[in-house]
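Understanding the architecture of this molecule
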Amino acid sequence: IAGDSVICPGETYIYSLLDPNTNDQNTTYNWLIIGGIANSNTGDTVTIEWDPIGPYEVNVYTQLNNNPYCNSDTTSLSVNEGLTTLPVVSGSTTSCTNSISTYQLETNYPTGSVIIWNLSNSNFGSIVAGQGSNIVEVEWGNTPGFVDLNVEVDVCGQSTTSSLTIELINEQISFSFGDTLLCS
């Protein structure tokens, strides 16, 4: 089943079969929805308006249209409410000045969530790619020091924020186990 497994209650989402056999006229796909109202109970795609309160689940099975009218095993997709859990940001906490670093939002949010990235001090760098998505690129300037990469996520009408403190260095650092330089 293809579709969002994290949703905002009261919103509408589309679910479909990953590999439907649309040429087989002898079978019907039947949808069973828990915690929502479907626009149809049959077909290879269904639109569901989720109830305000769960639990939520999407189920589908194939039924033979002729005698003996056998049913396949049911395939299920558990669906969870998109709670405003604290965003978790991954990426290096040490970066070189005059470089580009990539950071990722590890927390899974429903489709339609609004993601806003910013730096606590724009003198240290700027967001150059990925604004509004779960992966962002930051181009660092030539100022060393500490700066916070902040992310705000609006989920189902509620906002939550998190930050990752990053140290920017512009010195060449050599480790005792080799000649690898961190910044050059």
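Note: the structure precedes this text.
An account of the accompanying structure is given in this report. Starting afresh in each chain, residues are numbered from 1 along the sequence in its written order. Totals for whole chains, interfaces and linings use all residues, but because this is a predicted model, local features are given only for residues with pLDDT of at least 70 and pairs of side-chain atoms are given and counted only at 80 or more. For the side-chain quantities, the full set of heavy atoms in the structure was used; hydrogens and water were omitted.

In this chain, glycine 54 is followed by proline 55 through a cis amide linkage whose omega measures 15°. With respect to the helices, strands and loops of the structure, proline 55 is situated in the loop between strand 5 (45-50) and strand 6 (56-64). Going from asparagine 67 to proline 68, the amide bond is cis rather than trans, its omega being 25°. Backbone geometry places tyrosine 69, a non-glycine residue, at a positive phi of 55°. Numbered from the N terminus, helices here are DSSP runs of H or I no shorter than four residues, and strands are runs of E no shorter than two. Looking at the secondary structure, you find tyrosine 69 in the loop between strand 6 and strand 7 (75-81). Note on exposure labels: buried denotes an accessible area under 20% of the residue type's maximum, exposed denotes more than 50%, and partly exposed covers the range between, all computed with a 1.4 Å probe on protein chains only. The class for tyrosine 69 is partly exposed, based on a relative accessible area of 47%. Positive phi, close to 50°, is recorded for cysteine 156, a residue that is not glycine. Within the secondary structure layout, cysteine 156 lies in the loop between strand 14 (145-155) and strand 15 (158-169).

In this section: the pairing of strand 14. The pairing criterion is simple: DSSP has to find at least two bridges between the two strands. Relative to strand 14, strand 11 (residues 114-119) is paired through six bridges, and the arrangement is antiparallel. Counted as the bridge partner of valine 114 is aspartate 154 from strand 14. As consecutive antiparallel partners, strand 14 and strand 15 are separated by two residues, and within that stretch cysteine 156 has a phi angle of approximately 50°, a positive value.

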